[in-house]
Amino acid sequence: NAGVTQTPKFRILKIGQSMTLQCTQDMNHNYMYWYRQDPGMGLKLIYYSVGAGITDKGEVPNGYNVSRSTTEDFPLRLELAAPSQTSVYFCASRVPLRDNEQFFGPGTRLSVL
Amino acid sequence: DAKTTQPPSMDCAEGRAANLPCNHSTISGNEYVYWYRQIHSQGPQYIIHGLKNNETNEMASLIITEDRKSSTLILPHATLRDTAVYYCIVKDWSGNEKLTFGTGTRLTIIP
């Protein structure tokens, strides 16, 4: 199993541009998550999904959109990039048993200039 | 979810046991204690979790006090590859998927 994979690894955007961060997992996990991590800080939840067709907001959803058309994929969309969205983005997934752990991808480092 | 308090940094000699404390004095009865770590620039990695009893796996041991107000993560024989930020998280899974990461403890293993 490749686990959770994310593309791209790095990206530089200009203010106002848009992009999609890709996340794929091959573990057949129903639950998937997007987090962001600002320098020196812990992770904050942006959006999550408990299954195909179901998404919900996390702690910091403004400026982002998500979709979940398949179990494997959970893309994160930035429509109008702003400098405040400069961060490292992590995708995660887990089995929907009550106390099961989350598996994280390697992250996407995004700079908005 | 209950909040946690961890020391910002710790050092440990290579080959010794690393003991990382965490206070969670407001933990409720249905909240689990989780430990994750993040090695520089990588995604967080799950280590271990528990509810009431002490737990051990191939990576670490988790000691939870009887009143559940604090816990200790033990890495029995620390290596240089254990240098990372360690996060203690308490989580109740009843209808809330948010996993709250604080700023953790930066553990440095000294050769």
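Along each chain, the written sequence defines residue order, and numbers are assigned to residues from 1. Going through the entries in the order they are written, you letter the chains from A and number the ligands from 1. Two thresholds apply to this predicted model, a pLDDT of at least 70 for residue-level local features and 80 or more for giving and counting side-chain atom pairs, whereas whole-chain, interface and lining totals are computed over all residues. With hydrogens and water stripped out, all remaining heavy atoms of the structure feed into the side-chain values.

Participant: Teacher, can you tell me more about the overall build of chain A here?
Facilitator: Scanning chain A for helices and strands turns up 0 helices and 11 strands. Tracing chain A from N to C terminus, the helices and strands come up as β-β-β-β-β-β-β-β-β-β-β. Since a compact globule built from 113 residues should have a radius of gyration of about 13 Å, the 13 Å found for chain A is in line with a globular shape. With the C-alpha coordinates of chain A rotated into their principal frame, the extents come out at 40 × 30 × 25 Å. Counting contacts in chain A only where the partners sit at least 6 residues apart, residues at least 24 apart contribute 54% of the total. Every helix listed is a DSSP run of H or I at least four residues long, and every strand listed is a run of E at least two residues long, numbered separately from the N terminus. Note on method: radius of gyration uses C-alpha positions; expected globular size equals 2.2 Å times residues raised to 0.38. Contacts are residue-level and defined by heavy atoms, with any inter-residue pair within 4.5 Å sufficient.

Participant: Would you take a moment to explain the sheet that holds strand 4 (residues 45-50) of chain B for this structure?
Facilitator: By way of backbone hydrogen bonds, the strands of a sheet pair with one another, either parallel or antiparallel. Residues and elements named next belong to chain B. One bridge is not enough; two strands pair if DSSP finds at least two bridges between them. What the 5 strands build is an open sheet, ordered 1-9-8-3-4; its pairing is mixed. Each edge of the open sheet carries a strand with a single partner, namely strand 1 (9-13) and strand 4. Each strand axis lies, on average, 25° off the axis of its neighbour in the sheet, ignoring direction. By the bridge criterion, 5 bridges tie strand 3 (residues 32-38) to strand 4 in an arrangement that is antiparallel. Looking at the pairing, Tyr 34 lines up with His 49 of strand 4. The convention used is that axes are lines fitted to C-alpha atoms, helices contributing only their stretch in contact, and that angles between N-to-C directions extend from 0 to 180 degrees.

Participant: Quick question: what am I supposed to make of the state of the cysteines here?
Facilitator: Covalent bonding between the sulfur atoms of two cysteines is what defines a disulfide. Note on terminology: pairs of cysteine sulfur atoms within 2.5 Å are recorded as disulfides. Considering all chains together, one arrives at 2 disulfides over all chains under this definition. Disulfide partner of Cys23(A): Cys91(A), at an S-S distance of 1.8 Å. On the S-S bond that ties Cys23(A) to Cys91(A), the torsion sits near -75°, and the link is left-handed. Of the two residues, Cys23(A) sits in strand 3 (residues 19-25) while Cys91(A) sits in strand 9 (residues 87-94), which places them 68 residues apart along the sequence. No difference in accessibility class separates Cys23(A) from Cys91(A), as the two residues are buried. Disulfide pairing places Cys22(B) opposite Cys88(B) at an S-S distance of 2.1 Å. With the S-S dihedral at roughly -80°, the linkage between Cys22(B) and Cys88(B) falls on the left-handed side. For each residue, the accessible area found with a 1.4 Å probe, counting protein chains only, is set against the maximum for its type, and the residue is called buried under 20%, exposed over 50%, and partly exposed in between.

Participant: What should I look at first to understand the sheet that holds strand 6 (residues 61-64) of chain B in this one?
Facilitator: Residues and elements named next belong to chain B. One open sheet holds the 4 strands; their spatial order is 2-7-6-5, and the pairing between them is antiparallel. The open sheet is flanked by strand 2 (18-23) and strand 5 (55-56), the only strands paired with a single partner. As defined by bridge partners, strand 5 adjoins strand 6 across 2 bridges and the pair is classed as antiparallel. Of the residues in strand 6, the one forming a bridge with Glu 55 is Leu 62.

Participant: Whenever I open this one, the layout of surface pockets confuses me. Can you help?
Facilitator: A probe as big as a water molecule, rolled over the atoms, marks out the empty space that is left. A volume near 550 Å³ is recorded for the largest pocket. Lining the largest pocket we find 29 residues, and of these Gln37(A), Gly40(A), Gln38(B), Ser41(B) and Arg106(B) sit closest to its centre. Of all elements in the fold, only strand 9 and strand 11 (108-112) of chain A together with strand 8 (84-91) and strand 9 (105-110) of chain B reach the threshold of two or more residues within the lining of the largest pocket. If one sorts the elements of the lining of the largest pocket by residue count, strand 9 of chain B sits on top with 4 residues. Charged residues are taken to be Asp, Glu, Lys and Arg, nonpolar residues to be Ala, Val, Leu, Ile, Met, Phe, Trp, Tyr, Cys and Pro, and polar residues to be all remaining types, Gly included. Broken down by class, the residue content of the lining of the largest pocket amounts to 11 nonpolar, 15 polar and 3 charged. Every definition here rests on a 1 Å grid over the protein atoms only: cavities are sets of points where a 1.4 Å probe fits but cannot get out, pockets are open sets enclosed by protein on both sides within 12 Å along at least five of seven lines, and lining residues have some atom within 4 Å of a point. Grid points are joined across faces, edges and corners, and a volume is the space filled by probe spheres set on the points.

Participant: I'm lost on the interface of chain B and chain A in this one. Help?
Facilitator: Interface size is commonly expressed as the accessible area that is lost once the parts come together. Taken residue by residue, the interface counts 18 residues in chain B and 22 residues in chain A. When chain B packs against chain A, the two sides together hide about 1700 Å² of surface, and 54% of this comes from carbon and sulfur. Whenever a carboxyl oxygen of Asp or Glu lies within 4 Å of a side-chain nitrogen of Lys or Arg, that contact is scored as a salt bridge. One can count 0 salt bridges joining chain B with chain A. Within the residue set of the side of chain B that touches chain A, elements represented by two or more residues are strand 3 and strand 4 of chain B. Residue contributions to the side of chain B that touches chain A peak at 4 residues, all from strand 3 of chain B. The buried area of a pairing is the accessible area, by a 1.4 Å probe, that goes missing from both parts when the two are put together, added over both.

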